[in-house]
Amino acid sequence: MHDGTYTSMADDKSSSDVQHWFTKAVGGIWPVATGSLSLRKGPCIRKNCPSCAAGKGHSSYALYVRRESRRFSIYVPERLVPEVRKAIENGRLLQELINEAGVRYVSALKNEEPSTSRK
Ligand SMILES: [Zn+2]
């Protein structure tokens, strides 16, 4: 189990060190999601629903996700809200790990001997 904290100034000898670290770090992260969880209001499908007739409608949770600049949402039953929140939290952690991996990867690459000699 990992607790989600990693030292950011690691001493990587090569880019494969970074790969091993990253693979291990992300291996335990599940479930993951990106986007935002919010309440939305809408009518239901029942006929003669007093709540809808009164214009109050019903509130339900939805996960809003952006994909290729298009936004869409998926209905989230209330009982699953804690799990979806956890997935979003993990998604942020994963994003942070990717950020850190990029920095460490680049600095490790720079430390490596060039495979082809440049003049
Ligand atoms: Zn209704």
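Preceding this section is the structure that the text describes.
Residues numbered from 1 in each chain as written. Predicted model: local features only at pLDDT ≥ 70, side-chain atom pairs only at ≥ 80, totals over all residues. Heavy atoms only, no water.

Visitor: Kindly report on the pattern of salt bridges, identifying the contributing residues and their values.
Guide: Counted according to the given criterion, the structure contains three salt bridges. A salt bridge links R104 to E100; the shortest N-O distance between them is 3.1 Å. Placement of the pair is R104 and E100 together in helix α3 (residues 81-111), with a separation of four residues, close to one helical turn. Note on accessibility: R104 and E100 belong to one class, buried. (Salt bridge = Lys/Arg side-chain N within 4 Å of Asp/Glu carboxyl O. Helix = DSSP H or I, 4+ residues; strand = E, 2+ residues; numbered from the N terminus. Buried < 20%, exposed > 50% of the residue type's maximum accessible area, 1.4 Å probe, protein only.)

Visitor: How would you explain the nonpolar core if you had to name every residue and give the values?
Guide: Residues A33, L37, Y61, L63, V65, V76, V81, V84, A87 and I88 constitute the largest nonpolar core, which totals ten residues. Looking at this core, the elements that each hand over two or more residues are β2 (58-67) and α3. If you tally residues by element for this core, the top one is α3, at four residues. Contact partners of L37, with chain neighbours within four places excluded, come to Y61, A62, L63, V76, V81, V84, R85 and I88. Within the second largest apolar cluster, eight residues are counted, among which are V18, I29, L93 and L97. (Core = buried A, V, L, I, M, F, W, Y, C linked by side-chain atoms within 4.5 Å. Contact = heavy atoms within 4.5 Å.)

Visitor: Before we move on, can you summarise the pairing of strand β3 (residues 70-76) with the specific residues and values?
Guide: Pairing between β2 and β3: seven bridges, direction antiparallel. Each residue of the ladder has a partner; that of L63, found in β3, is I74. (Pairing = 2+ DSSP bridges.)

Visitor: I'd like a description of the packing of aromatic side chains, backed by residues and values.
Guide: Applying the stated rule across the entire model yields one aromatic pair. Aromatic side chains W21 and F22 sit 6.1 Å apart centroid to centroid with 55 degrees between the ring planes, which places their arrangement in the tilted category. (Phe/Tyr/Trp six-rings, centres within 6.5 Å; stacked < 30°, edge-to-face > 60°.)

Visitor: An account of the coordination of the zinc ion is needed here, citing residue identities and associated values.
Guide: Ligation of the zinc ion by protein atoms is provided by C44 (SG), C49 (SG), C52 (SG) and H58 (NE2), these donors lying 2.0 to 2.3 Å from the ion. For the zinc ion, the four donor atoms in the first shell make angles of 104 to 114 degrees at the metal, so the coordination geometry reads as tetrahedral. In the primary structure, the donors to the zinc ion are separated according to the pattern C-x4-C-x2-C-x5-H. (Donors = N, O, S within 2.8 Å, 3.2 Å for Na, K, Ca; no water. Tetrahedral: all angles 85-135°; square planar, octahedral: opposite > 155°, others 65-115°.)

Visitor: Report on the side chain of D12, specifying residues and quantitative values.
Guide: Its place among the elements puts D12 in the segment before α1 (15-27). There is a polar contact of 2.9 Å between the side chain of D12 and the side chain of R104. Residues in contact with D12, not counting those within four places in the same chain, are D17, V18, R104, A108 and N111. (Polar contact = N/O pair within 3.5 Å; in protein donor to acceptor, adjacent residues only side chain to side chain.)

Nothing here speaks to function; it is all geometry.
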